[in-house]
Amino acid sequence: DTAVSQTPKYLVTQMGNDKSIKCEQNLGHDTMYWYKQDSKKFLKIMFSYNNKELIINETVPNRFSPKSPDKAHLNLHINSLELGDSAVYFCASSRRGDAEAFFGQGTRLTVV
Amino acid sequence: AQSVTQPDIHITVSEGASLELRCNYSYGATPYLFWYVQSPGQGLQLLLKYFSGDTLVQGIKGFEAEFKRSQSSFNLRKPSVHWSDAAEYFCAVGDLLTGGGNKLTFGTGTQLKVEL
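Residues numbered from 1 in each chain as written. Chains lettered and ligands numbered in written order. Predicted model: local features only at pLDDT ≥ 70, side-chain atom pairs only at ≥ 80, totals over all residues. Heavy atoms only, no water.

A. Just the packing of aromatic side chains, in detail. This model, assessed by the stated rule, comprises 16 aromatic pairs over all chains. Each ring, one from Tyr35 of chain A and one from Phe106 of chain B, has its centre 5.8 Å from the other, and the planes form 90°; the classification is edge-to-face. With one member in each of two chains, Tyr35 of chain A in strand S4 (residues 31-37) and Phe106 of chain B in strand S11 (residues 102-106) form a pair that bridges those chains. Here the two residues Tyr35 of chain A and Phe106 of chain B agree in accessibility, since each one is buried. Ring centres of Tyr50 of chain B and Phe67 of chain B lie 4.5 Å apart, and the angle between their planes is 25°; this geometry places the pair in the stacked category. On the criterion of sequence distance, the pair formed by Tyr50 of chain B in strand S6 (residues 44-50) and Phe67 of chain B in strand S8 (residues 64-68) is long-range, its members being 17 residues apart. Owing to a relative accessible area of 5%, Tyr50 of chain B belongs among the buried residues under this scheme. Cluster of aromatic residues (ring-pair linked, three or more members): Tyr33, Tyr35, Phe90 and Phe103 of chain A together with Tyr32, Phe34, Tyr36, Phe51, Phe90 and Phe106 of chain B. (Phe/Tyr/Trp six-rings, centres within 6.5 Å; stacked < 30°, edge-to-face > 60°. Helix = DSSP H or I, 4+ residues; strand = E, 2+ residues; numbered from the N terminus. Buried < 20%, exposed > 50% of the residue type's maximum accessible area, 1.4 Å probe, protein only.)

B. Main features of the interface of chain A and chain B. Every contact between the two is made by 24 residues of chain A and, on the other side, 25 residues of chain B. Between chain A and chain B lies a buried interface of about 2,000 Å² when both sides are counted; carbon and sulfur atoms form 54% of it. Of all residues in chain A, Leu43, Ala99 and Glu100 of chain A give up the largest surface area on contact with chain B, accounting jointly for 26% of the area buried on that side. At the surface where chain A touches chain B, the tally comes to three salt bridges. A salt bridge links Glu88 of chain B to Lys41 of chain A; the shortest N-O distance between them is 3.7 Å. In this structure, the connection of chain A to chain B is made through ten residue pairs in polar contact (both at pLDDT 80 or more). (Contact = heavy atoms within 4.5 Å. Buried area = accessible area lost by both parts, 1.4 Å probe. Salt bridge = Lys/Arg side-chain N within 4 Å of Asp/Glu carboxyl O. Polar contact = N/O pair within 3.5 Å; in protein donor to acceptor, adjacent residues only side chain to side chain.)

C. Representation of the pattern of salt bridges. Residues and elements named next belong to chain A. Evaluation of the coordinates by the stated rule reveals eleven salt bridges over all chains. The partner of Arg63 in a salt bridge is Asp85, and the shortest N-O contact between them spans 2.8 Å. In this pair, Arg63 sits in the loop between strand S6 (53-57) and strand S7 (64-70) while Asp85 sits in the loop between strand S8 (73-78) and strand S9 (87-94), placing the two residues 22 residues apart along the sequence. Both residues of the pair, Arg63 and Asp85, count as buried. With a closest N to O distance of 3.0 Å, Asp98 and Arg95 form a salt bridge. Here the salt bridges share partners, and the residues they tie into one network are Arg63, Glu82 and Asp85.

What follows is the structure, encoded as structure tokens:
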């Protein structure tokens, strides 16, 4: 069973489009995250949700909007995609009060 | 704010040789430290973690790491590298948040190449 699963794994789209990436975890964790890995493989946190409440928003453009319908799901919606949004986006989850995060397989987004 | 430095961008070792990947961190309190591995086109897999206690921690795939507070280091080691260890390795420091959850700050990664 996949603990943290993301869909799709690959996403190629044109500039200006709107796209969503879905994430689900079956670990029973309270907290979920989105991390971005840029072309130089640098990983940085974007958002953190704890029990559907936004905890962290790391100065991410407003075009990025996370949505958490329940604590097992955290989706990432991106409006008006730009070339610079091309990256690998990782979803992760953790137990409340635990420093360890479990990562999904990543979604490679390519904007052309 | 916390930070992580991995001074080696690329490392090449021969199969069977020993390996040490360096990691230095900056953090105000006792850190939560991690090593993750990312194989090409794959996600992040946790190799090992340090929260407290014994400063030498064992992980998966024969890896170990030693926490040295005096040097602010958490270096990853493996006595004998296998060709399948070729991957990108990330050191990270974790910060527990008041609102719940945590925030991982990653180093820039070390790409390991293994020569047969």
